[in-house]
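Descriptive structure summary
Listed below are the residues making up each chain.
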Amino acid sequence: MTKKAGKRQSLVSEACARLRLIRIARGMTTVELGRRMKLSQAQVSRIENCLQGLRSAVLERACNQLDISPVVLFIEQPLAKQLLKTRVGRKIRGLDLIV
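Below: a short report on this structure.

What counts as what
- All residue numbers here refer to positions counted from 1 along the written sequence of the relevant chain.
- Only residues with pLDDT of at least 70 get local features here, since the model is predicted, and only at 80 or more are side-chain atom pairs given and counted; chain-wide, interface and lining totals rely on the full set of residues.
- As a convention, hydrogens and water are excluded, and side-chain values are obtained from all of the structure's heavy atoms.
- The numbering of helices and of strands both runs from the N terminus, where a helix is a DSSP run of H or I of at least 4 residues and a strand a run of E of at least 2.
- Any residue under 20% of the maximum accessible area for its type is buried, any over 50% is exposed, and the rest in between are partly exposed; the area is computed with a 1.4 Å probe on protein chains only.
- Residue burial considers only the protein chains on display, and all accessible areas are found by Shrake-Rupley using a 1.4 Å probe.
- In the sections that follow, a salt bridge refers to a side-chain nitrogen of Lys or Arg positioned within 4 Å of a carboxyl oxygen of Asp or Glu.
- The term nonpolar core refers to a set of buried residues drawn from Ala, Val, Leu, Ile, Met, Phe, Trp, Tyr and Cys, joined through side-chain atoms within 4.5 Å.
- Contacts are assigned to residue pairs that have any heavy atoms within 4.5 Å of one another.
- Axes here mean lines fitted to C-alpha atoms, for a helix over just the part in contact, with angles spanning 0 to 180 degrees between N-to-C directions.
- Throughout this description, any angle smaller than 35 degrees is read as roughly parallel, any larger than 145 degrees as roughly antiparallel, any in the 65 to 115 degree range as roughly perpendicular, and the remainder as oblique.
- Should the near helix be turned anticlockwise from the far one by less than a right angle, the crossing is left-handed, and should it be turned clockwise, the crossing is right-handed.
- The nonpolar class holds Ala, Val, Leu, Ile, Met, Phe, Trp, Tyr, Cys and Pro. Asp, Glu, Lys and Arg form the charged class, and all remaining residues, Gly among them, are polar.
- We call two N or O atoms a polar contact when they sit within 3.5 Å, provided that within protein one can donate a hydrogen and the other can accept it, with sequence-adjacent residues counted only if both atoms are side-chain atoms.

**Some thoughts on the overall build of the protein chain**
Across its full length, the protein chain holds 6 helices and 0 strands. The linear arrangement of helices and strands in the protein chain, starting from the amino end, is α-α-α-α-α-α. In the protein chain, which comprises 99 residues, the proportion classed as buried is 31%. As displayed, the protein chain offers around 6500 Å² of accessible surface, 54% of which is attributable to carbon and sulfur atoms.

Okay, here's the thing in structure tokens:
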């Protein structure tokens, strides 16, 4: 794997992890997000765990349902670190969701 490809994969992995954290922070289950996106719970789980490709149409639907801009998923500073400083972050800290 080239250095550029490795960095791209890392960015996608972080975006998937952020998607999961934001969903949880919004109090939404994978079942609920899947229903809203017209996907199965398993598909949402595979996306969040970076086991299924993150296509732009799916990304857009997820962001619309979570009421965020797709840019939020790709910001430089890890959202996980920011989130852990909040009340919601402290509640989910023990779930080992940070990648």
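Next comes the rest of the description.
**Considerations on the pattern of salt bridges**
All chains considered together, the criterion is met by 4 salt bridges. For R20, the salt bridge identified is with E48, shortest N-O distance 3.8 Å. Of the two residues, R20 is situated in helix α1 (residues 3–25) and E48 in helix α3 (residues 41–48); the sequence distance between them amounts to 28 residues. The exposure class assigned to E48 is buried, which follows from its relative accessible area of 5%. If you follow the salt bridges from partner to partner, you end up with R20, R23 and E48 in one network.

**Comments concerning the nonpolar core**
Counting residues in each nonpolar core, the largest one holds 16 residues, and the members touching the most others are L19, L33, M37, L39, L66, I68 and L73. Looking at this core, the elements with two or more residues in it are α1, α2 (30–37), α3 and α4 (56–66). Considering each element in turn, this core owes the most residues, 5 residues, to α4. Sequence-distant contacts of I68, defined by excluding residues within four places in its chain, comprise I22, R26, C63 and L73.

**Some details on the environment of M28**
Counting through the fold element by element, M28 comes out in the loop between α1 and α2. In the structure, M28 is positioned 38 residues away from L66 in sequence and 8.8 Å away in space, judged by C-alpha atoms. Beyond its immediate chain neighbours, meaning those up to four positions away, M28 contacts R23, L33, R36, Q65 and L66.

**Concerning the packing of α2 against α4**
The geometry of α2 relative to α4 is characterised by a closest axis approach of 10 Å and an angle of 115° between their N-to-C directions. Compared by their axis directions, α2 and α4 come out roughly perpendicular. Remark: the crossing between α2 and α4 carries right-handed chirality. Here L33, R36 and M37 of α2 come into contact with α4, specifically with V58, R61, A62, Q65 and L66. Along the lines of polarity and charge, the residues of the contact of α2 with α4 split into 5 nonpolar, 1 polar and 2 charged.

**Points about the side chain of Q52**
Position of Q52 among the secondary structure elements: in the loop between α3 and α4. A polar contact of 3.2 Å, which involves the side chain of Q52, links it to the side chain of R46. Every residue in contact with Q52, bar those within four places of it in the chain, is listed here: Q43, R46 and I47.

On their own, these measurements won't tell you what the molecule is for.
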